[in-house]
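# Results of the structural survey
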Amino acid sequence: MEPSGTIVVGGGIVGLAIAHALAHRGQRVTVVEGKQIGERAAAGVAAGMLAPSSEADLTDPRLTHLALASHEAYPAWTATLERESGVETGYDATGTLLVALHRDHLALIEHLEAFQRERGLHAERLTGRQAREEEPYLAPGIAGALRMPDAQVDPRHLLRALTVALERAGAVLLEGTQVTAVAPGVDGGYAVATEREGVASTLHATQVVVAAGAWSRQIASPIAGLPLLPLPLRPVKGQILRLRGERLVRHVVRTPDVYIVPRADGELVVGASMEEQGFDERPTAGGVYDLLREARRVLPGIAELELTECGVGFRPALRDHLPAIGNVDGAGLFVASGHFRNGVELAPITAWLLADLMCDGRLDALLEPFSPGRFIAKDVAR
Ligand code: GLY
């Protein structure tokens, strides 16, 4: 069969954002998702912090540049999605307070502030008293805080907004459909083997993007026994809690050990563990206990809130903890995965720059450090 259009493998935040950017460029797009949209996406449980400042010390400077570009794009991107879908995304730029509970935390905050200054990022030091004037429910006796211009979005709403915007743009969303293999098609392009409720079929496309998060390695290649993408990709489990009740804070509140993200509707998200447990989906008593203990130290009032959800997600992590975004085979096969802790944050910039590459052959300098070629031998896919 003659191939046409683009298939995006994976209906998580990155896959949907790429599909949306391609649809905006007039491409015919099909998204193929193994579950329901949002059901197993890392973004489906994520807190939605857009935090290029508060994680600057943990981050390769090249990733900070990409994250800052995405951060700048966010207000216009979410406004476009809201207009196209009628779904509010919860974008909120109130900011983040990184709170020091004691002297050790203060030293960490000073360290982060120095990194931020080096990278031209803005932050404001507050005394403990000033921080409590901003957020009266913070624990008494906190040692100080750093206020940063980070933002947040509600990733569940964002997934919904992207889904509706894509449907209205005429994109095809195939849910409950597993991609099992991708191979060169006999008439050019690619043959994408799928399975839905035990029934196998093949789709054809001129271009394919694999954006299946931590599952991106599970697609077979034409070379028997090899994954399509031999990326050193692993899932990093995150346990995350949702509480509900009186709105205790306006800012995102972090300590070096926990983050607390308030939503306008009274939800409070507390995250997140980092665990090397493969695809173990169980929330654990220890994981929940650690998160609540740390959150209660900074915001004692959370003890009165209702615990509504213990979620588990899988961050897609590459060996160097940087994403892989770009072409795989010198032809029409692309990947966007390995976004690790930054999938929500990096979704718009990943989508726009990859769409530029796919539609116009233009590789933006911001993407150069994230070439999948750093892991993939040239002859693997073809
Ligand atoms: N982006 C924060 C996390 O992955 O926990």
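Please refer to the structure placed before this passage.
A few points on the structure. (Residues numbered from 1 in each chain as written. Predicted model: local features only at pLDDT ≥ 70, side-chain atom pairs only at ≥ 80, totals over all residues. Heavy atoms only, no water.)

## A word on the overall build of the protein chain
Looking only at helices and strands, the protein chain has seven helices and 19 strands in total. In terms of overall size, the protein chain behaves like a compact globule, its C-alpha atoms giving a radius of gyration of 21 Å where 382 residues would be expected to give roughly 21 Å. Projecting the C-alpha coordinates of the protein chain onto the three principal axes gives extents of approximately 70 × 40 × 40 Å. Relative to its 382 residues, the protein chain shows a buried fraction of 56%. A fraction of 73% describes how many contacts in the protein chain between residues 6 or more apart in sequence connect residues 24 or more apart. If you sum the accessible surface of the protein chain, you get close to 15,800 Å²; carbon and sulfur atoms cover 50% of it. Side-chain charges of the protein chain comprise 37 positive and 47 negative groups, with the mean position of each set lying 2 Å from the other. (Helix = DSSP H or I, 4+ residues; strand = E, 2+ residues; numbered from the N terminus. Rg over C-alpha atoms; globule rule 2.2 N^0.38 Å. Buried < 20%, exposed > 50% of the residue type's maximum accessible area, 1.4 Å probe, protein only. Contact = heavy atoms within 4.5 Å. Areas by Shrake-Rupley, 256 points an atom, 1.4 Å probe, with all protein chains shown as cover. Lys, Arg positive; Asp, Glu negative; His and termini not counted. Charge placed at Lys NZ, Arg CZ, Asp CG, Glu CD.)

## Looking at helix α5 (residues 155-168)
Between its terminal C-alpha atoms α5 stretches 20 Å, which fits the 20 Å expected from 14 residues at 1.5 Å a residue. The opening residue of α5 is aspartate 154, an N-cap whose side-chain oxygen sits 3.0 Å from the backbone nitrogen of arginine 156. Phi turns positive, to about 90°, at glycine 170, one or two residues after α5. (Expected span 1.5 Å × (residues − 1). Polar contact = N/O pair within 3.5 Å; in protein donor to acceptor, adjacent residues only side chain to side chain.)

## Some thoughts on the packing of aromatic side chains
Applying the stated criterion across every chain, the model contains five aromatic pairs. Centroid distance tryptophan 215 to phenylalanine 279: 5.0 Å. Interplanar angle 25°. Geometry classified as stacked. Highlighted residues: tryptophan 215 in the loop between β12 (207-210) and β13 (234-244) and phenylalanine 279 in the loop between β16 (267-271) and α6 (285-298), separated in sequence by 64 residues. Taking relative accessible area as the criterion, tryptophan 215 reaches 13% and is therefore assigned buried. Here arginine 40 stacks its cationic end above the ring of tryptophan 215, 4.3 Å away from the centre of that ring. (Phe/Tyr/Trp six-rings, centres within 6.5 Å; stacked < 30°, edge-to-face > 60°. Lys NZ or Arg CZ within 6 Å of the ring centre and 35° of its normal.)

## Quick word on unusual backbone geometry
The omega torsion of the bond from glycine 271 to alanine 272 falls at -20°, within 30 degrees of zero and hence cis. Take alanine 272: it is sitting in the loop between β16 and α6. Backbone geometry at histidine 321 places phi at a positive 60°, although glycine is not the residue there. Along the chain, histidine 321 turns up in the loop between β17 (306-317) and β18 (324-327). On the accessibility criterion, histidine 321 (32% relative accessible area) is partly exposed.

## Topic: the site of the ligand
Taken together, Tyr259, Ala272, Arg315 and Arg341 form the complete shell of residues around the ligand. Note that an oxygen atom of the ligand is positioned 2.5 Å from one of the side-chain N or O atoms of tyrosine 259. For the ligand, whose unbound accessible area comes to 190 Å², protein coverage reaches 85%. Here the shell around the ligand is composed, by residue class, of two nonpolar, no polar and two charged. (Near = heavy atom within 4 Å. Nonpolar A, V, L, I, M, F, W, Y, C, P; charged D, E, K, R; others polar.)

## Regarding the nonpolar core
Counting 52 residues, the largest nonpolar core has Ile18, Leu66, Leu158 and Leu354 as the members making the most contacts within it. Put simply, the parts of the chain that give this core at least two residues each are α1 (13-24), β2 (29-32), α2 (61-85), α5, β19 (333-337) and α7 (343-360). With ten residues, α7 is the single largest residue contributor to this core. (Core = buried A, V, L, I, M, F, W, Y, C linked by side-chain atoms within 4.5 Å.)

## Notes on the pattern of salt bridges
Within the structure shown, the criterion is met by 23 salt bridges. A salt bridge links arginine 293 to aspartate 290; the shortest N-O distance between them is 3.4 Å. On the criterion of helical spacing, the pair formed by arginine 293 and aspartate 290 is a turn pair, its members being three residues apart in helix α6. Take arginine 293: its relative accessible area is 35%, and that puts it in the partly exposed class. Exposure remark for aspartate 290: the relative accessible area of 37% places this residue in the partly exposed category. (Salt bridge = Lys/Arg side-chain N within 4 Å of Asp/Glu carboxyl O.)

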